[in-house]
Amino acid sequence: MSAVTLAPPAAAPLAGPSPQPATPAVELRNVSRWYGNVVAVNDVSFTLGAGITGLLGPNGAGKSTLLHMLAGFLEPSAGELRVDGRPSWNNPAAYRSVGLVPEREAVYPFLTGYEFVLMNARLHGLADPEKAAERAIDTVDLRGAMHRRIGGYSKGMRQRAKVAGALVHQPRILLLDEPFNGMDPGQRMHMMELLRGLADQGRTILISSHILEELHHLANNVLVVVAGRLAASGHFREIRRLMTDRPHTFTLRSSDDRRLAAALMADPSVQGVELAATGITVRAGERGGFALHLPRAARDAGVTLYEVRPTDESLESVFSYLVKR
């Protein structure tokens, strides 16, 4: 994963202990949800612990249904779903450990940002709701606009107010549905750094997003849902390496591209070589075999390698491959 330098947030993430509980933060066992004859989620199983997980899938794949079941808004039609060791459906106590940022506008335009977050703090019965609200406002860098009405906020500011409301009680689990919508680049960088800090504290964060570039640099793991089923889970690079039906593509540059291309064609793991002025594009059927063969082929051909770069191991490539299967 390429490195990204991000500006530090204006305020430190919400402080708190980093508990390491024995039970998973989120656990689904053979969970399904249907609406009449329509199956929205079909026999999905996974567990989540501390860290950031991306929830991906095309429109209509079942992502929102999964989030709504996790948040306790929908009852699973079949299977077992637990959040912080407890069923989320019909269990208001689960909200003590869950923070939700829905995709829909869930803010009241007549309230100020501070009033909205304070309302959430009071609903959670916090001992000092005013202090908790100010802390959450500072965490999302919204203090300068905290006493303005939300109706006058930009889309990105409203998103940050929703995040502050979800964080005010310092939940162990965060469910975020398209949290980067409407944020400018600076706000996105701040939010990404904030979420990393919360994950480092031991919190479990599940993000549903169409912005794959952010999740590429942010998520430890991904869940890919296609047509209601879990198509893949894990780190996206590991998922890519298990996709043996797709050749792996590499871009190479060397001291003699023509000679290297000829040498690589003799390797059984190489399915195709394309020589261009900017380098060589290689399609290899087996990644590990090619990785072992490449340095030997370059040495035997008397060629110096300048660059070896996989070109289809991004999150976007993996997502595209899985959806088109």
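Quick caveat, the model's predicted, so the values are computed rather than measured.

Participant: Give me the overall build of the protein chain: which residues, what numbers.
Facilitator: Summing up its helical and strand segments, the protein chain has 10 helices and 13 strands in all. Sorting the 325 residues of the protein chain into buried and exposed places 50% on the buried side. Residue pairs at least 24 apart in sequence account for 69% of intrachain contacts in the protein chain once pairs closer than 6 positions are excluded. Only carbon and sulfur atoms are counted for the fraction: they give 51% of the accessible area of the protein chain, which is about 15300 Å².

Participant: Now, about helix H1 (residues 63-70): what can you tell me, with residues and values included?
Facilitator: By the criterion of burial, H1 is predominantly enclosed, with 6 of the 8 residues buried. What H1 keeps buried is the set Lys63, Thr65, Leu66, Leu67, Met69 and Leu70. Remark: Gly72 follows H1 within two positions and exhibits a positive phi of approximately 85°.

Participant: Please give an account of the side chain of Thr139 that cites residues and values.
Facilitator: As for its position among the elements, Thr139 is in helix H3 (residues 129-139). Given a relative accessible area of 1%, Thr139 falls into the buried group. Separated by 2.8 Å, the side chain of Thr139 and the backbone oxygen of Arg135 make a polar contact.

Participant: So what about the pattern of salt bridges? Which residues, and what values?
Facilitator: In this structure the tally under the stated criterion is 13 salt bridges. Of the charged contacts, one joins Glu80 and Arg82 as a salt bridge, the two residues approaching to 2.7 Å between their closest N and O atoms. Ionic pairing is found between Asp256 and Arg259, a salt bridge with its closest N-O pair at 3.8 Å. Its relative accessible area of 27% is what places Asp256 among the partly exposed residues.

Participant: Help me get a handle on the nonpolar core, residues and values and all.
Facilitator: Ile52, Val117, Leu142, Phe180, Leu195, Ile205 and Ile207 are the most contacted members of the largest nonpolar core, which has 49 residues in total. Not counting the four nearest positions on each side in its chain, Ile207 is found in contact with Ile52, Thr53, Gly54, Leu55, Leu176, Pro179, Leu195, Leu215 and Leu218.

Participant: Lay out the side chain of Thr251 in plain terms, naming residues and giving numbers.
Facilitator: Following the sequence through the fold, Thr251 ends up in strand E10 (residues 248-254). Judged by relative accessible area, which is 16%, Thr251 ranks as buried.

Participant: Mind laying out the packing of helix H4 (residues 155-167) against helix H5 (residues 185-200), listing which residues take part and the relevant values?
Facilitator: In a pair of packed helices, the angle between the axes and the distance between the axes together describe the arrangement. Two elements in contact, H4 and H5, have axes whose closest approach is 11 Å; the angle formed by their N-to-C orientations is 15°. On the basis of their axis angle, the class for H4 and H5 is roughly parallel. Relative to H5, H4 is oriented so that their crossing is left-handed. Residues Gly156, Met157, Arg160, Val163 and Leu167 of H4 form the contact with H5, whose participating residues are Gln187, Met191, Leu194 and Leu198.

Participant: Which residues make up the sheet that holds strand E3 (residues 51-56), and what are the values?
Facilitator: Pairing in this open sheet of 6 strands is mixed, and the strands run E5-E6-E7-E3-E8-E9 from one edge to the other. Of all the strands in the sheet, the pair left with one neighbour each is strand E5 (98-101) and strand E9 (229-234). Put simply, the sheet's adjacent strands are angled 15° from each other on average, direction ignored. Inspection of the sheet shows strand E8 (residues 221-226) paired to E9 by 5 bridges, in the antiparallel sense. Bridge assignment links Val226 to a residue of E9, and that residue is Arg229. Packing of H4 onto the sheet brings it into contact with E5 and strand E6 (173-177), and relative to E5 it is tilted by some 170°.

Participant: Break down the confidence of the model for the protein chain for me, citing the residues and quoting the values.
Facilitator: Per-residue pLDDT for the protein chain has a mean of 85; in total, 87% of the residues score no lower than 70. By mean pLDDT, the top-scoring element of the protein chain is H3 (96), and the lowest-scoring one is helix H10 (residues 315-324) (66). pLDDT under 50 marks residues 1-13. Its contacts with residues more than four places away, or in other chains, come to 27 contacts.

Participant: Describe the sheet that holds strand E13 (residues 305-310), with residues and values.
Facilitator: Read from one edge of the open sheet, 4 strands run E11-E12-E10-E13, paired in antiparallel fashion. Strand pairing shows two members of the sheet lacking a second neighbour, strand E11 (270-276) and E13, which therefore form its edges. Along the sheet, successive strands turn relative to each other by an average axial angle of 20°, direction set aside. Inspection of the sheet shows E10 paired to E13 by 5 bridges, in the antiparallel sense. From the neighbouring strand, Thr251 faces E13, where its bridge partner is Arg309.

Participant: Run through the packing of aromatic side chains, naming residues and quoting values.
Facilitator: Scanning the model with the defined rule gives 2 aromatic pairs in all. Ring centres of Tyr108 and Phe110 lie 5.6 Å apart, and the angle between their planes is 40°; this geometry places the pair in the tilted category. Taking relative accessible area as the criterion, Phe110 reaches 53% and is therefore assigned exposed.

Participant: Account for the pairing of E11, naming residues and giving values.
Facilitator: With 6 bridges joining them, E11 and strand E12 (residues 279-284) adopt antiparallel strand pairing. Its bridge partner being in E12, Ala276 is matched across the sheet by Gly279. Counted between consecutive antiparallel strands, the loop separating E11 from E12 contains 2 residues.

The rules we used
- Residues numbered from 1 in each chain as written.
- Predicted model: local features only at pLDDT ≥ 70, side-chain atom pairs only at ≥ 80, totals over all residues.
- Heavy atoms only, no water.
- Helix = DSSP H or I, 4+ residues; strand = E, 2+ residues; numbered from the N terminus.
- Buried < 20%, exposed > 50% of the residue type's maximum accessible area, 1.4 Å probe, protein only.
- Contact = heavy atoms within 4.5 Å.
- Areas by Shrake-Rupley, 256 points an atom, 1.4 Å probe, with all protein chains shown as cover.
- Polar contact = N/O pair within 3.5 Å; in protein donor to acceptor, adjacent residues only side chain to side chain.
- Salt bridge = Lys/Arg side-chain N within 4 Å of Asp/Glu carboxyl O.
- Core = buried A, V, L, I, M, F, W, Y, C linked by side-chain atoms within 4.5 Å.
- Axes fitted to C-alpha atoms, helices over the stretch in contact; angles between N-to-C directions.
- Parallel < 35°, antiparallel > 145°, perpendicular 65-115°, else oblique.
- Left-handed = near helix turned anticlockwise from the far one by under 90°.
- Pairing = 2+ DSSP bridges.
- pLDDT = per-residue confidence, 0-100.
- Phe/Tyr/Trp six-rings, centres within 6.5 Å; stacked < 30°, edge-to-face > 60°.

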